[in-house]
Amino acid sequence: MIEQQLWHPVIASHQVREAPVACTLLGQSLVLWRESAHDGSRVHVWADRCPHRGAKLSQGRVLIGLHGARLECPYHGWQFGGAGRCQHVPAAPDFVPPAGHVAKVFEAREQHGLVWVRLRAPEQTLHASLRDPPAFTPAGDPAWRVVLCGPYEVNTSAPRLVENFLDLSHFGFVHEGWLGERGHAQVRPGTVEEPAEPGVGLVVREAHAWQPRAYAQADKGAWIAYRYDVPHPFTAMLRKEATAGDPVSNAIALFIRPDGHELCTAWFVMATQGDTSTDPELVAFQDAVFAQDRPVVESQSPRALPIGRTAPVTEVHGPADRVSSAYRRYLMRLGIALGTC
């Protein structure tokens, strides 16, 4: 299952502090904890199960002592060090736990304000572009102001949400008065770069849509040119450069945690230059836009994209669907089809 070899966002970094936190990725229950909430110490991500009697480690607590930080099981107080190995059994204090007394540890990284997890080491066939969490250049550039929005729990599959993000032609209907107008529903899908090599994502250049409010403080409409990137099956990014009539440069990354075939959790990392809105105003704008998307996306049937030979239905396509059609082919090249997304 290729999804287990990929990096996925699971939670915002700031949510992992003094106490262990539980979450789930691709059906795997996880516990996340830090050695210290005050010094930015590395986050640990383990299976949320004590190897002793199966209790949830997320119900335990983090202990800081002379021997460093440990995660204590809530059932019998077994203590596990940062590498996952049991260090102390209170009921038998002289007992030296062997190497097999260990919690299952997963790889974890922090990037773009999120904790990313990979459940399984990548196979040699996995393309190099998918061996690290997706890069989002503006997030690491001090010239950009960056705001994290979400999480948004959505009753649909991760690919449905990515496809919605890539779809310009819904702006005039779902986001009428905000990102589009019915009277200016025509779009220019742009040029789609679709590498044939499995694992290499999409790039869309010079995609245009009419927008009456292209950013939070805008008071007039304009044709807006976007660049889209899809570097990961459950990640999509757009970028809009400032122009003479629009002083704001925006870049937005959509990162999604697949929670099942019909459920996912999403975050938007927004980067901006020239926008005078406050951070709360930017978040409120994104919340409002996503609130318009949610009921329509959740109404789509089936919730998993109908691609692959086992798809129970087919969907017809129009000229404005060039990007979403390329995205579906990308998923097929990766081996992600109906029932796995």
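Here the structure is shown first, and the text comes after it.
In this report, the structure presented in the accompanying data block is examined. (Residues numbered from 1 in each chain as written. Predicted model: local features only at pLDDT ≥ 70, side-chain atom pairs only at ≥ 80, totals over all residues. Heavy atoms only, no water.)

### Considering the nonpolar core
- Residues Phe165, Leu166, Tyr228, Ile256 and Tyr327 are the most contacted members of the largest nonpolar core, which totals 49 residues.
- Looking at which element gives the most residues to this core, the answer is helix H4 (residues 322-334), with six residues.
- Residue contacts for leucine 166: discarding those within four places in its chain leaves Tyr228, Val230, Ala236, Val323 and Tyr327.
- Grouped together as the second largest cluster of nonpolar side chains are 16 residues, Leu25, Leu30, Val43 and Ala47 included. (Core = buried A, V, L, I, M, F, W, Y, C linked by side-chain atoms within 4.5 Å. Buried < 20%, exposed > 50% of the residue type's maximum accessible area, 1.4 Å probe, protein only. Helix = DSSP H or I, 4+ residues; strand = E, 2+ residues; numbered from the N terminus. Contact = heavy atoms within 4.5 Å.)

### As for the packing of helix H1 (residues 158-166) against H4
- Where H1 meets H4, the closest approach of the two axes is 9 Å, and the angle between their N-to-C directions is 150°. Accordingly, the angle class assigned to the pair H1 and H4 is roughly antiparallel. For the crossing formed where H1 meets H4, the hand is right-handed. Along its contact with H1, which presents Pro159, Arg160, Val162, Glu163 and Leu166, the element H4 presents Val323, Ser324, Tyr327, Arg328 and Leu331.
- Residues that form the contact of H1 with H4 fall into these classes: six nonpolar, one polar and three charged. (Axes fitted to C-alpha atoms, helices over the stretch in contact; angles between N-to-C directions. Parallel < 35°, antiparallel > 145°, perpendicular 65-115°, else oblique. Left-handed = near helix turned anticlockwise from the far one by under 90°. Nonpolar A, V, L, I, M, F, W, Y, C, P; charged D, E, K, R; others polar.)

### Considering the sheet that holds strand E3 (residues 28-34)
- Ordered in space as E1-E10-E9-E4-E3-E2, the six strands form an open sheet in which the pairing is antiparallel. This sheet does not close on itself; its edge strands, each paired only once, are strand E1 (8-12) and strand E2 (21-25). Shown here is a sheet whose adjacent strand axes are inclined to one another by a mean of 35°, direction ignored. (Pairing = 2+ DSSP bridges.)

### Some words on the pattern of salt bridges
- For the structure shown, the criterion picks out 20 salt bridges.
- Aspartate 259 is the salt-bridge partner of arginine 257, the closest N and O atoms lying 2.6 Å from each other.
- Judged by its relative accessible area of 24%, aspartate 259 falls in the partly exposed class.
- With a closest N to O distance of 4.0 Å, arginine 303 and glutamate 262 form a salt bridge. With arginine 303 in the loop between helix H3 (279-299) and H4 and glutamate 262 in the loop between strand E17 (249-260) and strand E18 (263-273), this pair connects stretches of sequence that are 41 residues apart.
- Take arginine 303: its relative accessible area is 27%, and that puts it in the partly exposed class.
- Classification of glutamate 262 by relative accessible area gives partly exposed; the value is 44%.
- Residues joined by salt bridges that share partners form a network here, namely Arg160, Glu163, Glu315 and Arg328. (Salt bridge = Lys/Arg side-chain N within 4 Å of Asp/Glu carboxyl O.)

### Describing the environment of arginine 131
- Along the chain, arginine 131 turns up in the loop between strand E10 (114-118) and strand E11 (145-154).
- Its relative accessible area of 26% is what places arginine 131 among the partly exposed residues.
- Put simply, arginine 131 and leucine 6 are 125 residues apart on the chain and 6.9 Å apart in space, counted from C-alpha to C-alpha.
- Contact partners of arginine 131, with chain neighbours within four places excluded, come to Trp7, Arg109, Arg118, Pro122, Glu123, Gln124, Thr125 and Leu126.
- There is a polar contact of 3.1 Å between the side chain of arginine 131 and the backbone oxygen of leucine 126. (Polar contact = N/O pair within 3.5 Å; in protein donor to acceptor, adjacent residues only side chain to side chain.)

### Brief notes about the sheet that holds strand E8 (residues 86-88)
- Ordered in space as E5-E6-E7-E8, the four strands form an open sheet in which the pairing is antiparallel. For this open sheet the edge positions go to strand E5 (61-65) and E8, each flanked by a neighbour on one side alone.

### Quick word on unusual backbone geometry
- The step from glycine 150 to proline 151 runs through a cis peptide bond, and the omega angle for that step is 10°.
- By the element assignment, proline 151 lies in strand E11.
- With an omega of 0°, the peptide bond running from serine 301 to proline 302 counts as cis.
- Inspection of the secondary structure assignment puts proline 302 in the loop between H3 and H4.
- Here leucine 26, not a glycine, exhibits a phi torsion of approximately 50°, which is positive.

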